[in-house]
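# Examining the three-dimensional arrangement
Residue strings, one per chain:
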Amino acid sequence: SIAMNPILGAIDLFWVNQMGNPLAVAGQAAGAQAFSTASVLTIVLTSVSLQQVAKAAAKDDKEGLQDTVCATFFIGGLVALLGTPFFLFKSNLIL
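What you are looking at is a predicted structure, and each value in this text was computed from that prediction instead of being measured.

## A closer look at the environment of T72
- Considering the arrangement of structural elements, one finds T72 in helix α3 (residues 62-89).
- Filtering out sequence-adjacent residues up to four positions away, T72 remains in contact with L45 and S49.

In structure tokens, the structure reads:
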């Protein structure tokens, strides 16, 4: 999934560049950077939680496994709940 960001960014850049408007290219690049940053944050969440899930599964700790998965969903939901309004209403601070 990490390799997809540059590939999708290059495809977007190609098609937006076909419009011939430098401001559209700049806007697309800024949006791609914001998307990339959000993507990296979610990848960190999954990589950290994956280690905790693997430890609980190796110990055959069903309760610990359930707690870790629930905590991961809670944190992911919290990030989405707080991040979505921030991206929608304060995008000028990001870009």
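Once you've had a look at it, read on.
## Quick look at the layout of surface pockets
- Volume-wise, the largest pocket comes out at about 200 Å³.
- Every residue lining the largest pocket is listed: T37, A38, L41, T42, L45, G76, V79, A80, G83 and F87.
- Elements with a minimum of two residues in the lining of the largest pocket: α2 (22-58) and α3.
- Of the residues contributing to the lining of the largest pocket, the split by class is six nonpolar, four polar and no charged.

## Quick notes on α3
- An ideal rise of 1.5 Å per residue puts 40 Å on 28 residues; α3 measures up with 41 Å between its terminal C-alpha atoms.
- Among the residues of α3, those classed as buried are G64, T68 and G83.
- On its buried side, α3 packs onto α2.

## Points about the packing of helix α1 (residues 4-17) against α2
- Where α1 contacts α2, the axes come no closer than 10 Å and their chain directions differ by 165 degrees. When the axis of α1 is compared with that of α2, the two are roughly antiparallel. Judged by the sense of rotation from one axis to the other, the crossing of α1 with α2 is right-handed. Between α1 and α2, the contacting residues are N5, G9, D12, L13, V16 and N17 on the first element and A24, V25, Q28, F35, S36 and S39 on the second.
- Taken together, the residues that form the contact of α1 with α2 break down as five nonpolar, six polar and one charged.

## Describing the packing of α2 against α3
- Look at α2 against α3: their axes get within 9 Å of each other, and the N-to-C directions meet at 170 degrees. Here α2 lies roughly antiparallel to α3, going by the angle between them. Side by side, α2 and α3 meet where A34, A38, L45, S49, Q52, V53, A56 and A57 of the first sit next to G64, L65, T68, V69, T72, I75, G76 and F87 of the second.
- Of the residues contributing to the contact of α2 with α3, the split by class is 10 nonpolar, six polar and no charged.

Each value, and the rule that gives it
- Residues numbered from 1 in each chain as written.
- Predicted model: local features only at pLDDT ≥ 70, side-chain atom pairs only at ≥ 80, totals over all residues.
- Heavy atoms only, no water.
- Helix = DSSP H or I, 4+ residues; strand = E, 2+ residues; numbered from the N terminus.
- Contact = heavy atoms within 4.5 Å.
- 1 Å grid on protein atoms, 1.4 Å probe; cavity = no way out; pocket = protein on both sides within 12 Å on 5 of 7 lines; lining within 4 Å.
- Points joined across faces, edges and corners; volume = space filled by probe spheres on them.
- Nonpolar A, V, L, I, M, F, W, Y, C, P; charged D, E, K, R; others polar.
- Expected span 1.5 Å × (residues − 1).
- Buried < 20%, exposed > 50% of the residue type's maximum accessible area, 1.4 Å probe, protein only.
- Axes fitted to C-alpha atoms, helices over the stretch in contact; angles between N-to-C directions.
- Parallel < 35°, antiparallel > 145°, perpendicular 65-115°, else oblique.
- Left-handed = near helix turned anticlockwise from the far one by under 90°.

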